[in-house]
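The lines below spell out each chain.
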Amino acid sequence: MRSYGEGRVFLRGRIYHIAYCRNGHEFSESARTPDEKKARKLLAQRLGQIGKPDFVGPSEKRLTLDDLEAEIVADYERHGKRSVATAKYCLKPVKEYFKYDRLIGITRPRIQEYQTERLEAGMARATVNREVRYLLRGFKLLAEGGRVGAIPRVGMLKGENVREGFLNKPEFEAMVKFLKPDVADLARFLYNSAWRSGEALKLQWSKVDLDDWIVRLSRKNEKTKNPRTLPLVGE
């Protein structure tokens, strides 16, 4: 191995490789030659290119959306996040739209075209924003790992629908009497607890402390992975 400027030249078998640093991360590639002088020449060329904002390394040119998705999945598994399936679901239309593209080709104008076409297909703005956020999250993770040099700067769509139409108590009581008794019980519990419907549907008696009148959700049963308690008071 021999150092050369800010990079280095080294052998792997009979073929020389070069390595150089950009943004604090080392990149390496094959010089595709057994000639050290030619390898040094390639290294000098790369060192002259890496300071330019539009520089793209050879390994970055090969990255695809499969690599981006794998980076997100690996990050979720490292941090114990449970929404891997959601991430894959949101990336599915993105991968379909860009199925013939390398990551290097998924630029800001292309992503904006994606946003426009998804809206024209009748998708909600919130849905399109969620899909693009996962895409940009993947780019960010790859950039943090030194695998890509830039993240597309794309704004989210404005005008997402905000939840409206909250019922006051008299309106709720007028509505709930038209429900079947078991559904009405569930509706009353949700109305008073502000829980998600999925949480209430999965609630088991083992989580209800009838001595202290408290519902205790353990960490593994809570979406945010934080344990919670719900004191049962009055209705």
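What you are looking at is a predicted structure, and each value in this text was computed from that prediction instead of being measured. (Residues numbered from 1 in each chain as written. Predicted model: local features only at pLDDT ≥ 70, side-chain atom pairs only at ≥ 80, totals over all residues. Heavy atoms only, no water.)

Trainee: When you look at the overall build of the protein in this model, what are you seeing that I'm missing?
Mentor: The secondary structure content of the protein amounts to 9 helices and 7 strands. When each of the 235 residues of the protein is scored for burial, the buried share is 33%. Within the protein, residue pairs in contact and separated by at least 24 positions form 47% of the contacts whose partners lie at least 6 positions apart. Accessible area for the protein stands at about 15,900 Å²; split by element, carbon and sulfur atoms hold 51% of it. (Helix = DSSP H or I, 4+ residues; strand = E, 2+ residues; numbered from the N terminus. Buried < 20%, exposed > 50% of the residue type's maximum accessible area, 1.4 Å probe, protein only. Contact = heavy atoms within 4.5 Å. Areas by Shrake-Rupley, 256 points an atom, 1.4 Å probe, with all protein chains shown as cover.)

Trainee: What am I meant to see in the layout of surface pockets here?
Mentor: One number sums up the size of the largest pocket: a volume of about 620 Å³. Elements with a minimum of two residues in the lining of the largest pocket: helix H8 (181-193) and strand E7 (228-231). Looking at the lining of the largest pocket, the element that brings in the most residues is H8, giving 6 residues. Counted by class, the lining of the largest pocket contains 13 nonpolar, 4 polar and 3 charged residues. (1 Å grid on protein atoms, 1.4 Å probe; cavity = no way out; pocket = protein on both sides within 12 Å on 5 of 7 lines; lining within 4 Å. Points joined across faces, edges and corners; volume = space filled by probe spheres on them. Nonpolar A, V, L, I, M, F, W, Y, C, P; charged D, E, K, R; others polar.)

Trainee: I'm lost on the pattern of salt bridges in this one. Help?
Mentor: Pairing of side chains with opposite charge becomes possible as their charged atoms draw close. Counted under the stated rule, the structure contains 13 salt bridges. Residue Arg78 pairs with Asp75 through a salt bridge whose shortest N-O separation is 3.6 Å. Here Arg78 and its partner Asp75 are both found in helix H3 (residues 65-78), 3 residues apart, which amounts to about one turn of the helix. Under the relative-accessibility criterion, Arg78 is labelled exposed at 55%. Residue Asp75 is classed as buried on the basis of its relative accessible area of 4%. For Arg216, the salt bridge is made with Asp209, and the minimal N-O distance between the two is 3.4 Å. Shared partners join several salt bridges into a network, and the residues in it are Asp66, Glu69 and Lys95. (Salt bridge = Lys/Arg side-chain N within 4 Å of Asp/Glu carboxyl O.)

Trainee: Looking at this structure, how should I read a nonpolar patch on the surface?
Mentor: A contiguous nonpolar patch, built from Leu167, Met175, Leu179, Val183 and Tyr191 and spanning about 360 Å² of accessible area, is present on the exposed surface. Assignment of secondary structure puts Met175 in helix H7 (residues 169-176). (Patch = residues over 30% accessible without salt bridge, like charges linked within 9 Å, V, L, I, M, F, W, Y side chains within 5 Å.)

Trainee: What exactly am I supposed to notice about the nonpolar core here?
Mentor: For soluble globular proteins, nonpolar side chains are generally found buried alongside one another. If you look at the biggest cluster of nonpolar residues, it comprises 27 residues, and the most contacted ones within it are Leu65, Leu68, Ile72, Leu103, Ile106, Ile111 and Leu135. If you tally residues by element for this core, the top one is helix H6 (residues 125-144), at 8 residues. In this view, Leu135 contacts Leu65, Leu68, Leu91, Val94, Ile106 and Ile111; residues no more than four positions away in its chain are not counted. Counting 10 residues, the second-largest nonpolar core is a separate cluster that includes Val9, Tyr20, Ala31 and Ala39. (Core = buried A, V, L, I, M, F, W, Y, C linked by side-chain atoms within 4.5 Å.)

Trainee: Which parts of the structure should I look at to understand the side chain of Gln115?
Mentor: One can find Gln115 in helix H5 (residues 108-120). For Gln115, a relative accessible area of 6% corresponds to the buried category. Leaving out residues up to four positions away in the same chain, Gln115 has contacts with Val128, Val132, Val154, Gly155 and Leu157.

Trainee: Before we go on, may I ask you to explain the confidence of the model for the protein in this structure?
Mentor: The predicted coordinates ought not to be read in detail in places where the model reports low pLDDT. Here the protein averages 84 in pLDDT, and 86% of its residues register 70 or above. Taken element by element, the predicted model of the protein shows its lowest mean pLDDT in strand E1 (residues 2-4) (43) and its highest in H5 (95). (pLDDT = per-residue confidence, 0-100.)

Trainee: What am I meant to see in the packing of aromatic side chains here?
Mentor: Ring pairs (aromatic) are described by centroid distance and by the angle formed between their planes. In the structure shown here, the tally under the stated rule is 5 aromatic pairs. Aromatic side chains Phe189 and Trp195 sit 5.2 Å apart centroid to centroid with 90° between the ring planes, which places their arrangement in the edge-to-face category. Overall, the relative accessible area of 24% leaves Phe189 in the partly exposed class. Of the residues examined, Trp195 reaches a relative accessible area of 9% and is grouped as buried. (Phe/Tyr/Trp six-rings, centres within 6.5 Å; stacked < 30°, edge-to-face > 60°.)

Trainee: Any chance you could explain helix H1 (residues 36-49) here in plain terms?
Mentor: Given 3.6 residues to a turn, an α-helix orients residues that are three or four positions apart in the same direction. With 14 residues, H1 ought to run about 20 Å at 1.5 Å a step, and its terminal C-alpha atoms sit 20 Å apart, in line with that. Of all the positions in H1, only Glu36, Ala39, Leu42, Leu43 and Arg46 are classed as buried. Take H1 and look down its axis: the buried residues cluster within an arc of 120°, on one side only. Pointing more than 90 degrees away from the buried face of H1 are the exposed residues Lys37, Lys38 and Lys41. Of the residues flanking the start of H1, the one acting as N-cap is Asp35, its side-chain oxygen 2.9 Å from the backbone nitrogen of Lys37. (Expected span 1.5 Å × (residues − 1). Arc of directions from axis to C-beta. Polar contact = N/O pair within 3.5 Å; in protein donor to acceptor, adjacent residues only side chain to side chain.)

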